[in-house]
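Spelled out, the chains give:
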Number of protein chains: 2
Amino acid sequence: MRFLIPLISSSITSGHYRITSRLLSAHLTKPQRSTLHPFFNCQPPSMAASEESLRKALAEKQSAVEAHGNAVRALKAAKASKQEIDAAIEALNSLKLEKSSIEKQLHAAVSGSDGDGALSREAFRQAAVNTLERRLFYIPSFKIYRGVAGLYDYGPPGCAVKSNVLAFWRQHFVLEENMLEVDCPCVTPEVVLKASGHVDKFTDLMVKDEKTGTCYRADHLLKDFCNEKLQKDLTISAEKAAELKHVLATLDDLSAEALGAKIKEYGITAPDTKNPLSDPYPFNLMFQTSIGPSGLSPGYMRPETAQGIFVNFKDLYYYNGNKLPFAAAQIGQAFRNEISPRQGLLRVREFTLAEIEHFVDPEDKSHPKYSEVVDLEFLMFPRDEQMSGQSAKKILLGDAVSKGTVNNETLGYFIGRVYLFLTRLGIDKDRLRFRQHLANEMAHYAADCWDAEIECSYGWIECVGIADRSAYDLRAHSDKSGVPLVAAEKFSEPREVEKLVIAPVKKELGLAFKGSQKNVVEALEAMNEKEALEMKAALESKGEVEFYVCTLGKIVPIKKNMVSISKEKKKEHQRVFTPSVIEPSFGIGRIIYCLFEHSFYTRPSKAGDEQLNVFRFPPLVAPIKCTVFPLVQNQQYEDVAKVISKSLTTAGISHKIDITGTSIGKRYARTDELGVPFAITVDSTKDVTIRERDSKLQVRVGVEEAALVVKSVTDGLRTWEDVWEKYPHHTSGSADD
Amino acid sequence: MRFLIPLISSSITSGHYRITSRLLSAHLTKPQRSTLHPFFNCQPPSMAASEESLRKALAEKQSAVEAHGNAVRALKAAKASKQEIDAAIEALNSLKLEKSSIEKQLHAAVSGSDGDGALSREAFRQAAVNTLERRLFYIPSFKIYRGVAGLYDYGPPGCAVKSNVLAFWRQHFVLEENMLEVDCPCVTPEVVLKASGHVDKFTDLMVKDEKTGTCYRADHLLKDFCNEKLQKDLTISAEKAAELKHVLATLDDLSAEALGAKIKEYGITAPDTKNPLSDPYPFNLMFQTSIGPSGLSPGYMRPETAQGIFVNFKDLYYYNGNKLPFAAAQIGQAFRNEISPRQGLLRVREFTLAEIEHFVDPEDKSHPKYSEVVDLEFLMFPRDEQMSGQSAKKILLGDAVSKGTVNNETLGYFIGRVYLFLTRLGIDKDRLRFRQHLANEMAHYAADCWDAEIECSYGWIECVGIADRSAYDLRAHSDKSGVPLVAAEKFSEPREVEKLVIAPVKKELGLAFKGSQKNVVEALEAMNEKEALEMKAALESKGEVEFYVCTLGKIVPIKKNMVSISKEKKKEHQRVFTPSVIEPSFGIGRIIYCLFEHSFYTRPSKAGDEQLNVFRFPPLVAPIKCTVFPLVQNQQYEDVAKVISKSLTTAGISHKIDITGTSIGKRYARTDELGVPFAITVDSTKDVTIRERDSKLQVRVGVEEAALVVKSVTDGLRTWEDVWEKYPHHTSGSADD
């Protein structure tokens, strides 16, 4: 995924072209726009309306309470009758109750339509994260040195999950599609990232505490201020609330100046010290270093893996027999020197990306395997639905492509493949949606862009970006390197084409423009067909035209004898063009974190005295596929366990033997917490039981068969239901005790 | 693999302790000592002797030629008879011939005992590297921008080989041994690498061209000078040659001053400009960067993956149920900002390491699976053999351990496992040896260290280091972080132990030594048992002793009333200790490059008009396992090919269909060059042929069986010989045409 860098992007708000120095396109490590834009929420539009009316009602009720309070005081001062005063007080109390009720409703409304939900999401996350960290799925890096924000280690089970996810990614994309996988270094010389635009534009706006020098992300401070105000200060007017919401919605589009102005206007200070803040200024997010000993060759740790593929396009195209389409892929580390990382595994300074660059002829974006995904139906969130305040809905992929909602077949094909990939990993399909970028989110050159967003306790998180980036990247590297990164379509027989020929007459131009001759020649040659033919017509009718030379910044007169414009017929044997690229880009760490949340649940222990944690990982991603438990400590059983362990190793099934004397229930609980799908318990030398994690059901299987049964389910050759049907059930009450 | 850092190392040459500021221990990315030390060569010692006598003979012959030349001139001047002069000239010519013959012998001797061998090694490497780069096994990174020295991309087949090697590594080590795999970031804060010693000591000595500023590795320049002199200047005396060889042998031990002095003495100048050079100074080889926006948190790209494991020891020990031994493992990128990288894939600035840290009780280094490797026999090169000028020889691993050549069972076990790993990948066992580090190569804290060295066209290359590093790393991080990284052995019942108690009497010491009291107290408390008991005896007999306080640098008198020394009995419930670590560390890129060379061969085409390239990769590492070729372009055959392709995909066998109309022989040649072991050729709709790459033998197999046959051989369930025995042979002459 590129985080690029629309130098000129058409804005939906102003309707004209403008220059922007900030990143507009969403990307893996930017904040979720969905949490900023109210119309991205799943919350129906009526909710927002009710919030507004509640604020108005609250303000009215507040006035009424005050007026009534004054009335009561007046009655008391006027020594009115006790009856009169009591009646007035009763009315006042009833008004206060109404006010308090409105406050509660408003509070619920601003906390995302269900205040309890937000609380329980937070509690759920805490439970999941506690389990994840305690069982070493992941841990803050360099913990004994008090860690570094935004850097995490995967411990043994997390590392196994990651390696399973990557192995499946390779199987599902690289092998299945015959992609050309490459492996390029992280250390990247400046010239490459200059061409891609990262050196100049890959920045976030930063402010500094003017006294301590502590750095903050400017948009984070403004965002936190607005959210806090909206959620905690119920007295603000509906107008003020609308203004704050507008700021949140347009946060990503604000220039440094506009951001700075808002920070000043709201009186935002440094969160820790309350000191004044500097003006916002851009901070480049790449880790910089120096290549070689001279100190003269700046380099960066790559912010994405894609550039390594683009610079190799020529070789890869040749490797593919000079044929299109083909895809190249890369899995590797990427780096981003975040100003102040938050949100655990979702916003980190080093992460694993898996990226695909699928190169196609821009005139033919069909896909040979498109028919395989055409019938998939899942949550999609097209641009129009977002703009009109609707929510994501189930759409047939084939319909989305045929109606033009999704720009082309190849893009549609990859959206379908990504859906299959994520759901097979264990992502809940009801908390997965494909959101189309709004026009102002996309780079100007992009044809279309969809994000696979997964809902977790932090909201909807962009985990995969799928973009049709047209020819932008290859052109950028062609221009900078001087090496043409193009493809050719050979014609079966030569074709006659009409070509525009613009021939400036240098002698005449030299006489007329002297030192500026070169600029004028270049400007003439750069005309497109329409401009050239208009000039030709004008020169023929008037003999002279006015012509704007942008490199000179002025209009010059062009006479008929200074340029010859004609159309000539030529035979061409091939069509040379820059391929378009369709780029699915996977944030592996984000996918894994969402998978952790979607897999986590708790259930009461048999005794009912505690909640036990379970990860319902499918065997495909489970860190360990199987445990082997001798029921009691006993040499015979341990020998059987070793035999089974050996067969499991031969079958390539990762497993663990646990010969501790701990109760079998505790041992089950321990491995449920690691998401191990199957447990083989040895309670005889002939038959053993196999227990399935989520149903807790057990079957009896012969010792020599046990490994094969586990392997067949793990490899997806049969389901647990098949096993349950075929083998005798184990009904002993001892399980899970 | 740590490249550490013997601050004080016992030198075999001088026999006393000395401080050295350079790295002594060999490591993955340092030059091969074997190419520097004459006694590391496989060349027998007699060869070195013959070189010396040849130099002497040449010098004598040169004098004889000069003397005879003068004699001839004298005869001519004296107008001697033609007969006399002719006879003298004939003798002179015969002397010249003898001199030239000695020159040739000497030349052969200095080029490593066989000059033709060196040439053919160079030609072999050129052929292999050409094929590797042309078929995109690997390519210089950022080629369109003219590349960066020491950075390489793996293209599609190389990337597949790498991913196969890593998958097998994970299977062979992590799964088979139940290791705890972790995945830590590359970006590392300074404090971690300060503790490990890398910030201060991970340097190479550099010199600069004093006019242009170009940087060179000081030892490279000196090495090149010596080698060039030895090989090209045959006139140098035997004494001079011995001196140069001594310089080469001790190159790694030279201090900055000594290196600088040699460079001055030999008049070495900058290779490109002949300008004078600066004095050598240390250059830190880590890529430096800055973490976060403040610029106040320096960080580095890790130079090895091991530190990530050490800092997590406490959590991993807990995860393992607080039990030893256990091993943790990590695969990941490491970085080293080489001054001037050479030798292609062998010396790079970014590389993949796979490291194991096996933690053991220092009092028990046995290994439960040691018996599985005890009967392995392979080339070992113990310290003594190196010192006495012998060569590596086949040794039974069990003997090496039982005789104490290999320090302990666990170290021996890993040596055996590494041997199995490398040979199963396809490394030629006759070009693989395990070389023990010499005493001056090892860090002072290391118990023993063996390198798996693989011979390729560059000589013997260190590809895996297997070191018993004792408790050094954990202690370093305990000291720096203040977090104890220790293990405990719980006693089944409390043990009574006698403990030495040294109790300085501070009051008396204060009176006697005033401000120096603290130093004396610390020195007394630091005494070991032997010293303390000697002092106790002396105090009892004499009442006063002389005591050297190193922090004061002087001897002080200690009286009987100043310290009480006694032995007391205590009950202990556990023994707390810092575990030892045994560290096998794999340079994956180096192993892959050697594997490329060991797998590469050429054979004549059937027509005999050209040499065809083949990689004899075993199926385990082959980038693609199988190709599917319809014999001729034909819809029926293509349909069959697609059916087979689908079964191969289901079976998880990476493969490629080639439906081009190219001759079948050309298609075979193309895939032999990628090392594809099997080709399925579709020449009917019922049966197909399967061809094995190296034997070129073909069998006929039913369409529906083809994928399974290939899978069974690829998975190692049967051999090609089994298949050849079972299925009818295909004898058509059309194959390979």
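The model shown is predicted, which means the values in this text are computed figures rather than measured ones.

## Here we look at the packing of aromatic side chains
Residue and element names in this part refer to chain B.
Line of reasoning, step 1. All told, the structure shown has 56 aromatic pairs over all chains when counted by the stated rule.
Line of reasoning, step 2. Ring plane angle 50° and centroid distance 6.1 Å describe the contact between Phe137 and Phe617, whose orientation is recorded as tilted. Here Phe137, found in the loop between helix H3 (115-134) and strand E3 (138-140), pairs with Phe617, found in the loop between strand E25 (611-615) and strand E26 (626-630); they are 480 residues apart in sequence, far enough to count as distant.
Line of reasoning, step 3. Classification of Phe137 by relative accessible area gives buried; the value is 0%.
Line of reasoning, step 4. Seen from their ring centres, Phe615 and Phe617 are 5.2 Å apart, and the 5° between their planes marks the pair as stacked.
Line of reasoning, step 5. On the basis of relative accessibility, which here comes to 0%, the residue Phe615 falls in the buried class.

## Quick word on the sheet that holds strand E13 (residues 350-360) of chain B
Pairing between the strands of a sheet is mediated by backbone hydrogen bonds and can be parallel or antiparallel.
All names here are of chain B.
Line of reasoning, step 1. Taken together, nine strands build an open sheet; the order of strands is E5-E12-E13-E23-E18-E17-E16-E14-E15 and the sheet is mixed. In the strand order of this sheet, the two ends are held by strand E5 (180-181) and strand E15 (393-396), each with one partner.
Line of reasoning, step 2. With two bridges connecting them, E5 and strand E12 (residues 326-335) associate as parallel partners. Opposite Glu181, over in E12, you have Ala329 as the bridge partner.
Line of reasoning, step 3. Sheet contacts for helix H19 (residues 588-599): E13, strand E17 (448-456), strand E18 (459-468) and strand E23 (580-587); angle to E18, the most-contacted strand, approximately 140°.

## With respect to the nonpolar core
Line of reasoning, step 1. Grouped together as the largest cluster of nonpolar side chains are 212 residues, with contacts concentrated most on A:Phe434, A:Phe586 and B:Phe586.
Line of reasoning, step 2. Setting aside residues up to four positions removed in sequence, A:Phe434 forms contacts with A:Phe378, A:Leu379, A:Met380, A:Phe381, A:Ile415, A:Val418, A:Tyr419, A:Trp450, A:Asp451, A:Ala452 and A:Ile466.

## Points about the UniProt feature "coiled-coil region" (unreviewed entry) in chain A
Line of reasoning, step 1. Under the present numbering, the feature "coiled-coil region" (unreviewed entry) in UniProt falls on residues 75-105 of chain A.
Line of reasoning, step 2. Annotation note: span residues 75-105 of chain A, helix share 87%, strand share 0%, distance between end C-alpha atoms 32 Å.

## Section: the interface of chain A and chain B
Line of reasoning, step 1. Contact residues are listed per partner, giving 70 residues for chain A and 70 residues for chain B.
Line of reasoning, step 2. Taken together, the two surfaces of chain A and chain B that pack against each other cover about 6,000 Å², and 65% of this comes from carbon and sulfur.
Line of reasoning, step 3. Broken down residue by residue, the surface that chain A buries against chain B is led by A:Ile144, A:Tyr145 and A:Tyr319, which jointly contribute 13%.
Line of reasoning, step 4. Notably, a salt bridge pairs B:Asp315 with A:Lys143, separated by 2.7 Å at the nearest N-O pair.
Line of reasoning, step 5. Run the count over chain A and chain B and you get 20 residue pairs in polar contact (both at pLDDT 80 or more).
Line of reasoning, step 6. Classifying every residue of the side of chain A that touches chain B by side-chain character gives 38 nonpolar, 18 polar and 14 charged.

## Here we look at the sheet that holds strand E28 (residues 678-682) of chain B
Residues and elements named next belong to chain B.
Line of reasoning, step 1. Overall, mixed pairing links the five strands, which are arranged E27-E26-E28-E29-E30 in an open sheet. Bordering the open sheet on either side are strand E27 (655-657) and strand E30 (698-702), each of which pairs with just one other strand. If you compare each strand with its neighbour and ignore which way they point, the axes differ by 25° on average.
Line of reasoning, step 2. The pairing of E26 with E27 spans three bridges and is classified as parallel.

## Looking at helix H15 (residues 472-481) of chain A
Line of reasoning, step 1. All buried positions along H15(A) are accounted for by A:Asp473, A:Leu474, A:Ala476, A:His477, A:Ser478 and A:Ser481.
Line of reasoning, step 2. Where H15(A) terminates, the next one or two residues include A:Gly482, which has phi positive at roughly 80°.

## Thoughts on the packing of helix H4 (residues 156-175) of chain A against helix H14 (residues 409-425) of chain A
Angle between the axes and distance between the axes are the two parameters that describe a pair of packed helices.
All names here are of chain A.
Line of reasoning, step 1. Running from amino to carboxyl end, H4 crosses H14 at an angle of 145°, the nearest separation of the two axes being 11 Å. The handedness of the crossing between H4 and H14 is right-handed. Contacts between H4 and H14 involve Val165, Phe168, Trp169, His172 and Phe173 from the first element and Arg417, Val418, Leu420, Phe421, Arg424 and Leu425 from the second.
Line of reasoning, step 2. The class makeup of the residues in the contact of H4 with H14 is eight nonpolar, one polar and two charged.

## Describing helix H22 (residues 703-714) of chain A
All names here are of chain A.
Line of reasoning, step 1. Between its first and last C-alpha, H22 extends 18 Å over twelve residues, near the 16 Å set by a 1.5 Å rise per residue.
Line of reasoning, step 2. Among the residues of H22, Val703, Ala706, Ala707, Val709, Val710, Ser712, Val713 and Thr714 are the ones counted as buried.
Line of reasoning, step 3. Backbone geometry just after H22 places Gly716 at a positive phi near 80°.

What counts and how
Residue positions are given per chain, counting from 1 as you read along its sequence in written order. Think of it this way: whatever chain is written first is A, whatever ligand is written first is 1, and the rest follow in order. Local features are withheld for residues below a pLDDT of 70 in this predicted model, meaning they are given only at 70 or higher, and side-chain atom pairs are given and counted only at 80 or more; totals for whole chains, interfaces and linings count all residues. Working from all heavy atoms in the structure, the side-chain values ignore hydrogens and water. Each aromatic pair joins two rings of Phe, Tyr and Trp (for Trp, the six-membered one) with centres within 6.5 Å, and gets the label stacked for planes under 30 degrees apart, edge-to-face for over 60, and tilted for any other angle. Secondary structure elements follow DSSP: runs of H or I of four or more residues count as helices, runs of E of two or more count as strands, with numbering from the N terminus. Any residue under 20% of the maximum accessible area for its type is buried, any over 50% is exposed, and the rest in between are partly exposed; the area is computed with a 1.4 Å probe on protein chains only. When DSSP finds two or more bridges between two strands, those strands count as paired. Note on contacts: a residue pair qualifies if any of its non-hydrogen atoms lie within 4.5 Å across the two residues. Lines fitted to C-alpha atoms define the axes here, with helix axes fitted over just the stretch in contact, and angles between the N-to-C directions of these axes take values from 0 to 180 degrees. Take the buried residues of types Ala, Val, Leu, Ile, Met, Phe, Trp, Tyr and Cys, join any two whose side-chain atoms come within 4.5 Å, and each joined set is a nonpolar core. UniProt positions are given in the numbering used here, feature names are shortened, and annotations may be inferred rather than shown by experiment. We define buried area as the total accessible area lost by two parts upon association, computed with a 1.4 Å probe and summed across both. Only one rule defines a salt bridge in this text: a Lys or Arg side-chain nitrogen within 4 Å of an Asp or Glu carboxyl oxygen. Whenever two N or O atoms come within 3.5 Å, that pair is a polar contact, provided that in protein one can donate a hydrogen and the other can accept it, and provided that, for residues adjacent in sequence, both atoms are side-chain atoms. For this classification, Asp, Glu, Lys and Arg are treated as charged, while Ala, Val, Leu, Ile, Met, Phe, Trp, Tyr, Cys and Pro are nonpolar and the rest, including Gly, are polar. Left-handed describes a crossing whose near helix is turned anticlockwise from the far helix through less than a right angle; right-handed describes the clockwise counterpart. One less than the number of residues in a helix, times 1.5 Å, gives the span that helix is expected to have.

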